[in-house]
Protein chains: 2
Amino acid sequence: MLADIEQIGRNPRTGGYRRDAWSPADMQLREWFTHQAVTRGLTSHEDRNGNLWAWWGDPAADGPGLVTGSHLDSVREGGAFDGPLGVASAFQAIDLLRGDGFRPDRPIAVACFTDEEGARFGVPCIGSRLLTGVLDPSRARGLADDEGLCLDEVLRGQGRDPGGLGRDDETLAHIGVFVELHVEQGRALQAPVGVASAIWPHGRWRFDFRGTADHAGTTALEDRDDPMLAYARAVLAARLQAETHGVRATFGKVRVEPGNANAIPSLVTAWLDARGPETAAVRRLVEELSHGVEVTEESWTPEVVFDDVLRLRVACAAGFDGHPAPILPTAAGHDAGILASAGVPTAMLFVRNPTGVSHAPGEFAEPADCVSGVVALAAVLADLTGGGA
Amino acid sequence: MLADIEQIGRNPRTGGYRRDAWSPADMQLREWFTHQAVTRGLTSHEDRNGNLWAWWGDPAADGPGLVTGSHLDSVREGGAFDGPLGVASAFQAIDLLRGDGFRPDRPIAVACFTDEEGARFGVPCIGSRLLTGVLDPSRARGLADDEGLCLDEVLRGQGRDPGGLGRDDETLAHIGVFVELHVEQGRALQAPVGVASAIWPHGRWRFDFRGTADHAGTTALEDRDDPMLAYARAVLAARLQAETHGVRATFGKVRVEPGNANAIPSLVTAWLDARGPETAAVRRLVEELSHGVEVTEESWTPEVVFDDVLRLRVACAAGFDGHPAPILPTAAGHDAGILASAGVPTAMLFVRNPTGVSHAPGEFAEPADCVSGVVALAAVLADLTGGGA
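Definitions and cut-offs
- Residues numbered from 1 in each chain as written.
- Chains lettered and ligands numbered in written order.
- Predicted model: local features only at pLDDT ≥ 70, side-chain atom pairs only at ≥ 80, totals over all residues.
- Heavy atoms only, no water.
- Domains from an automatic or database assignment.
- Contact = heavy atoms within 4.5 Å.
- Salt bridge = Lys/Arg side-chain N within 4 Å of Asp/Glu carboxyl O.
- Polar contact = N/O pair within 3.5 Å; in protein donor to acceptor, adjacent residues only side chain to side chain.
- Nonpolar A, V, L, I, M, F, W, Y, C, P; charged D, E, K, R; others polar.
- 1 Å grid on protein atoms, 1.4 Å probe; cavity = no way out; pocket = protein on both sides within 12 Å on 5 of 7 lines; lining within 4 Å.
- Points joined across faces, edges and corners; volume = space filled by probe spheres on them.
- Helix = DSSP H or I, 4+ residues; strand = E, 2+ residues; numbered from the N terminus.
- Expected span 1.5 Å × (residues − 1).
- Buried < 20%, exposed > 50% of the residue type's maximum accessible area, 1.4 Å probe, protein only.
- Core = buried A, V, L, I, M, F, W, Y, C linked by side-chain atoms within 4.5 Å.
- Least-squares fit on C-alpha atoms with pLDDT ≥ 70 in both.
- Buried area = accessible area lost by both parts, 1.4 Å probe.
- Patch = residues over 30% accessible without salt bridge, like charges linked within 9 Å, V, L, I, M, F, W, Y side chains within 5 Å.
- Areas by Shrake-Rupley, 256 points an atom, 1.4 Å probe, with all protein chains shown as cover.
- Phe/Tyr/Trp six-rings, centres within 6.5 Å; stacked < 30°, edge-to-face > 60°.
- Lys NZ or Arg CZ within 6 Å of the ring centre and 35° of its normal.
- pLDDT = per-residue confidence, 0-100.
- Pairing = 2+ DSSP bridges.

Section: the domain arrangement of chain A
Residue and element names in this part refer to chain A.
Reasoning step 1: The domain architecture assigned to chain A consists of domain 1 (3-200 + 303-385) and domain 2 (203-300).
Reasoning step 2: For domain 1 versus domain 2, the separation of C-alpha centres amounts to 32 Å.
Reasoning step 3: The interface is formed by 13 residues belonging to domain 1 together with 10 residues belonging to domain 2.
Reasoning step 4: Note that Asp146 and Lys253 form a salt bridge whose closest N and O atoms lie 4.0 Å from each other.
Reasoning step 5: Here domain 1 and domain 2 share 5 residue pairs in polar contact (both at pLDDT 80 or more) between them.
Reasoning step 6: For the side of domain 1 that touches domain 2, the residue count by class is 5 nonpolar, 3 polar and 5 charged.

In structure tokens:
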């Protein structure tokens, strides 16, 4: 099913995807989602935060349902699986259940959360953060992309009403349980399918290193106030501190002003991604890097420990040959983490990633493991919606 | 006279200029140049490399003339004086001479060389390098800007014929002597006006640090191949080597692929500007930074020592109260350096820069010093064209 969309937003030179939220590629993917819903007779709509829903049954009439799904946007030069695998597997799990004549005792929905990666506006999980009220809608409307376009303008340009952004209790009330299937993003999972125990606490910080622009040739070394030096020291310090504190720290995005080859910069802006098993260690690293530089916390997601009763039940339903699926933590953020923090009973299924590569064109999962993922997800849906064949 | 053009390409927020070659701002400046020529009855034309000429007299009929001028493009977020001061002063020096009833014994021209800064296509002094044949025209046509547009396409878009690029012996034959007036770019000049002894050898190198893109959260530190670390080490090493070797080294422009806050980069491309009084020291610095990384020399300008007989004559003509103007070297590249290397007798006049700031919005010269520059340039023109009042 991923083959339907494998050309959308793909860079033919590298094989990497660029599916920024609300870009033409994203709009095509949204159409594809709606088409999948319609061909299955599911009731689809977009909520006021831009998230997509396809309901089998009516949660307004029959009470909160079981929601599964993921996201369709990508990081820049990302892979084909991160996000779309969860959406496609959700539709396919419903197909499996229906093929077996299964009738759920409550509604089931496929969800697609908007802008999970935050590639365009800097803040990840915008759709689920707005839905749950974690992200202030006026802050969201003002977030600008690299071209200086605000989310507000971008939404208007796509015929959406940015006035509708914000916590949506009606939609939230329809989510009884959320189960997200996702490709694993490290090499920790040895079985085809696993279940998440927790998501590491993680965040993004913008560092603004300020200096004084001047001529690269005529300015004596001792007269320079070159912010690139402070940035370089921060990159190396981040690595050292990460080793010391047992956390992960990455500078993956940098902007230099004015960015002339023959001028000392006036400003180097860089984004730090930091995460680890312990909140205190992550906080300490960021604090140690923050001396003498302006640091803005662009996002912070506390540790998420998934509901342990639900987790065990899912692990059993998703297991094979009487063995429950293995349970493991993840260092990657997900909409499931945002919903869990907001009090929604939530679980995650992972599909094995043989190389561990993710957020890159080489991201991969074996077709057989993807099938195991669909089978496991269908078993979990059947278990949790308690109906019978 | 600079007031005419002070709004063109100016960022109202910062006061910095962006006058990329062949941009709308540059096209407006070119029109302004032609207008200045026409209102003075000078014969203006654009040569096949895009350089502008305004002749007082006819070099085809009366033999090679004295050319003065500079450039109108800027670095990004540059100042108002670097380039335009030399062009405006050239027109004003002609006004002064004419006001005195001066009649030169050979033609005089004002020149404006195209794309001196190289802000758009990476290579500085494109106009004078093409004119003198130092830059291969097919390489020039293929140079791409940040949007991926080649010079070839950009020229066609402005109605120019890129087929005409390349060494232009006819135009060169018209340049008997070239005198460029320029704002000084350091704080070395204490008098209002000085004369250049030499231009330091200087160059630009592109460094491609390659790594492996991966997820910033899930990739263990020991599994990473993060090119940002190698870049950071190079930035700090460049500073250290610059101190050791008595040269100047700057990384002022960086591009990161894919540039996601939550992904380890696959490629960090950075540009090194290096210069110094001694070629060997500059070469040694670049060599020491080149281990384990792909380095491309994008431009190299050997040391230029200006003609010393001409230099003394210019210093005497430009002096005040019987004292010759001070003579000093510069670390900045100029079209004058390109022409001097090509065998054109060349001299440079500098106008004092009280703060030394250049290639930045704060670049400044006192109005009184600018007037002294015009007076000195007029005296030099009068001296070298040997006529009488």
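Considering empty space enclosed by the protein
Reasoning step 1: Evaluation of the coordinates by the stated rule reveals 10 cavities of 30 Å³ or more.
Reasoning step 2: Of the pockets and cavities examined, the largest cavity occupies roughly 190 Å³.
Reasoning step 3: In this structure, the largest cavity is lined by 22 residues; those nearest its centre are Asn262(A), Pro124(B), His202(B), Arg275(B) and Gly333(B).
Reasoning step 4: Take the lining of the largest cavity: its biggest share by element is 3 residues, from strand β7 (residues 202-210) of chain B.
Reasoning step 5: Class assignment of the residues belonging to the lining of the largest cavity gives a composition of 4 nonpolar, 11 polar and 7 charged.
Reasoning step 6: When we break the lining of the largest cavity down by domain, the ones giving at least three residues each are domain 1 (3-200 + 303-385) and domain 2 (203-300) of chain B.
Reasoning step 7: In this structure, the second largest cavity spans a volume of roughly 170 Å³.

Comments concerning helix α8 (residues 227-245) of chain B
Reasoning step 1: Its 19 residues give α8(B) an end-to-end C-alpha distance of 26 Å, which sits within 8% of 27 Å, the value for a rise of 1.5 Å per residue.
Reasoning step 2: Those residues of α8(B) not exposed but buried are Pro227(B), Met228(B), Leu229(B), Tyr231(B), Ala232(B), Ala234(B), Val235(B), Ala238(B), Gln241(B), Ala242(B) and His245(B).
Reasoning step 3: Buried positions along α8(B) lie against α8 (227-245) and β9 (248-257) of chain A together with β7, β9 (248-257), β11 (267-275) and α9 (279-289) of chain B.
Reasoning step 4: N-cap assignment for α8(B): the residue whose side-chain oxygen lies 2.9 Å from the backbone N of Met228(B) is Asp226(B).

Some words on the nonpolar core
Reasoning step 1: Core analysis: the largest hydrophobic core is formed by 56 residues, its most contacted members being Tyr231(A), Phe251(A), Leu272(A), Tyr231(B), Phe251(B) and Leu272(B).
Reasoning step 2: Apart from residues lying up to four places away in sequence, Phe251(B) is in contact with Met228(A), Pro265(A), Phe207(B), Tyr231(B), Ala234(B), Val235(B), Ala238(B), Ala270(B), Trp271(B) and Leu272(B).

Concerning the relation of the copies chain A and chain B
Reasoning step 1: With an RMSD of 0.1 Å, the fit of chain A onto chain B corresponds to turning through 180° and sliding 0.0 Å along the axis. On the angle and the small slide along the axis, the relation comes out as a two-fold axis. Proximity to the rotation axis, assessed at the C-alpha, singles out Ala232(A) in chain A; its C-alpha lies 2.1 Å from the axis.
Reasoning step 2: Looking at chain A, 100% of its interface residues are interface residues in chain B too, so the copies touch through the same face.

Things to note about the interface of chain A and chain B
Reasoning step 1: At the interface, 60 residues of chain A touch 60 residues of chain B.
Reasoning step 2: Taken over both partners, the interface formed by chain A and chain B buries close to 4,900 Å², and the fraction arising from carbon and sulfur atoms is 58%.
Reasoning step 3: Here chain A and chain B share 2 salt bridges between them.
Reasoning step 4: Two residues, Asp223(A) and Arg187(B), come together in a salt bridge whose shortest N-O distance is 2.7 Å.
Reasoning step 5: Considering every element that reaches the side of chain A that touches chain B, the biggest residue donor is α8(A), with 10 residues.
Reasoning step 6: Of the residues contributing to the side of chain A that touches chain B, the split by class is 29 nonpolar, 15 polar and 16 charged.

Focus: a nonpolar patch on the surface
Residue and element names in this part refer to chain A.
Reasoning step 1: Residues Leu96, Phe320, Val371 and Val375 make up a contiguous nonpolar surface patch of about 320 Å² in total accessible area.
Reasoning step 2: Tracing the backbone shows Val375 in helix α12 (residues 367-384).
Reasoning step 3: Overall, Val375 belongs to the partly exposed group, its relative accessible area being 38%.

Structural notes on the packing of aromatic side chains
Residue and element names in this part refer to chain A.
Reasoning step 1: With the rule as written, the count across this model stands at 21 aromatic pairs over all chains.
Reasoning step 2: Relative to Tyr231, the ring of Phe209 lies with its centre 5.9 Å away and its plane at 65°, an arrangement referred to as edge-to-face. Of this pair, Phe209 sits in strand β7 (residues 202-210) while Tyr231 sits in helix α8; the two residues are 22 residues apart in sequence, bridging distant segments of the chain.
Reasoning step 3: By relative accessible area, which is 1% here, Tyr231 ends up buried.
Reasoning step 4: Within the aromatic cluster, the residues linked to one another by ring pairs are Trp53, Trp55, Phe113 and Phe178.
Reasoning step 5: Here Arg30 stacks its cationic end above the ring of Trp22, 3.9 Å away from the centre of that ring.

Focus: the confidence of the model for chain A
Reasoning step 1: For chain A, the average pLDDT comes to 95, and 99% of its residues sit at 70 or higher.
Reasoning step 2: Here the complex is predicted with pTM 0.82, and the ipTM for its interfaces comes to 0.81.

Observations regarding the pairing of strand β4 (residues 108-113) of chain A
All names here are of chain A.
Reasoning step 1: When you tally the buried positions in β4, you get 6 out of 6 residues, the bulk of the element.
Reasoning step 2: Of the two faces of β4, the one carrying Ile108, Val110 and Cys112 and the one carrying Ala109, Ala111 and Phe113 are both buried.
Reasoning step 3: Of the pairings in the sheet, the one linking strand β2 (residues 52-56) to β4 comprises 5 bridges and is antiparallel in character. Within the sheet, the bridge partner assigned to Trp53 lies in β4 and is Ala111.
Reasoning step 4: Where strand β3 (residues 65-71) and β4 come together, 6 bridges link them in parallel fashion. From the neighbouring strand, Ser70 faces β4, where its bridge partner is Cys112.

A closer look at the pattern of salt bridges
Reasoning step 1: Summed over all chains, the structure comprises 44 salt bridges over all chains.
Reasoning step 2: Of the charged contacts in the structure, one is a salt bridge between Asp273(A) and Arg275(A), with a shortest N-O distance of 2.8 Å.
Reasoning step 3: On the basis of relative accessible area, Arg275(A) is assigned to the buried category, the value being 3%.
Reasoning step 4: Here Asp26(B) makes a salt bridge to Arg30(B), at a shortest N to O gap of 3.3 Å. Highlighted residues: Asp26(B) and Arg30(B), both in helix α1 (residues 24-39), separated by 4 residues, approximately one helical turn. In this structure, Asp26(B) and Arg30(B) share a single accessibility class: buried.
Reasoning step 5: Through salt bridges with shared partners, one network takes in Arg18(A), Asp20(A), Arg76(A), Asp146(A), Lys253(A) and Arg255(A).

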